[in-house]
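Analysis of the macromolecular model
Here are the chains, one letter per residue:
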Amino acid sequence: METARFYRVLDEDKVQCYLCPHHCRITPGKRGICRVRENRAGTLYTLNYGRLISGNIDPIEKKPIFHLLPGSLSYSIATVGCNFRCLHCQNYEISQYPALHNNEIAGILHTPAEVVAAAQAGSCRSISYTYVEPTIFYEFAFDTAQLARKAGVRNIFVSNGYIGPEATREIAPWLDAINIDLKAFSQRFYHEVCGAHLQPVLDTIILMKELGIWVEVTTLIIPGWNDSTEELTEIARFLVAIDPHIPWHVSRFWPTYKMMGPHPTPPETLHRAREIGRASGLHHVYVGNIHDNEGENTTCPNCGTTLITRLGFGVGSNQLIKGHCPQCDTEIAGRW
């Protein structure tokens, strides 16, 4: 248990957390929406510091991050808890663990140094803070990221984008890349499916890009919820307006948790989304959660040469030469 960052004390020992845009007002003895930050007599504590529920070696493509160290391994860690309540969460067993287990905080204690050492021992070139929203174990992620950077290991957030601007600015110097789930482009979706708001996610994408973090975006396309041509076009145009080089991953939905009604996303819907993204001006749009060679490959936006071939989470070949296309010498955006 550690004292939390980013909160202010109110009257009668109440506190207000501003780590994320929920800005929870927490009375003594209670916790915020994430269920891992608790007010004890006017001091806010993070209950999950170092209590890792998961520590795995993954291909970086699984995050998915395609434009940073392709083909490398990433040491992936998580604690329990989340600041969203997504009805379709594929990791709900850990994201909603405290709510499902009478506020228990599961996990095995680790130090930041142990995480960095485990990454190095596994020949991982990065650490990914993932599986649940990393903002809810921010203090541990921040301390670990500093040690990792000093050891030459990159840091990656896999995030829902629900992090406050103060926390974003603090961790930015230590963060190399982030994949942000832009789950939809409607407030209705965020309210009914996630228990959150759309605008803070859009603000985070913009701010992360402004701060020099490598940004990739994922949209899980759910039939009947966010698969209309109009909404997909809105997402693509929003990203293009920020930077047409932002990779957009459009992924297949599978029924899970509390969202069992919609059928799996038809492959043709993903291909339509990819074409919408490309037609809107995005240079790199990838199809995920299905095996699709063409939709997973990186191509040169200038001459069309296939630069990196992928299948699933594996890289078949990488033709980039110091980040440039070997045919036309166009610089390909990324951290190669």
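Scroll up to find the structure.
The text that follows walks through the structure, step by step, so that each part is easy to find. Predicted, not measured: the structure shown is a model, and the values here were computed from it. (Residues numbered from 1 in each chain as written. Predicted model: local features only at pLDDT ≥ 70, side-chain atom pairs only at ≥ 80, totals over all residues. Heavy atoms only, no water.)

Details of the sheet that holds strand β19 (residues 314-318)
Read from one edge of the open sheet, 3 strands run β17-β18-β19, paired in antiparallel fashion. Either end of the sheet is taken by a strand with one partner, and the two such strands are β17 (298-299) and β19. Where strand β18 (residues 306-311) and β19 come together, 4 bridges link them in antiparallel fashion. The residue of β19 that forms the bridge with Leu311 is Gly314. (Pairing = 2+ DSSP bridges. Helix = DSSP H or I, 4+ residues; strand = E, 2+ residues; numbered from the N terminus.)

Here we look at the side chain of His249
Note on placement: His249 falls in strand β15 (residues 248-252). Note on His249: relative accessible area 3%, which makes it buried. Only 2.7 Å separates the side chain of His249 from the side chain of Glu216, close enough to count as a polar contact. In contact with His249, not counting residues within four places along its chain, are Pro64, Phe66, Asn179, Glu216, Val217, Thr218, Thr219 and Tyr286. (Buried < 20%, exposed > 50% of the residue type's maximum accessible area, 1.4 Å probe, protein only. Polar contact = N/O pair within 3.5 Å; in protein donor to acceptor, adjacent residues only side chain to side chain. Contact = heavy atoms within 4.5 Å.)

Digging into the packing of aromatic side chains
Applying the stated criterion across every chain yields a total of 12 aromatic pairs. On the basis of an interplanar angle of 20° and a centroid distance of 5.9 Å, the ring pair of Tyr138 and Phe142 is categorised as stacked. One end of the pair, Tyr138, and the other, Phe142, are both in helix α4 (residues 138-150), 4 residues apart, so they sit about a helical turn from each other. Residue Tyr138 shares its accessibility class with Phe142, and that shared class is buried. A ring pair is formed by Phe185 and Phe238, whose centres lie 5.7 Å apart and whose planes are at 50°; its orientation type is tilted. One end of the pair, Phe185, is in the loop between β13 (177-181) and α6 (187-194); the other, Phe238, is in helix α8 (residues 229-242), with 53 residues separating them in the sequence. Looking at Phe238, the relative accessible area reads 14%, which means it is buried. (Phe/Tyr/Trp six-rings, centres within 6.5 Å; stacked < 30°, edge-to-face > 60°.)

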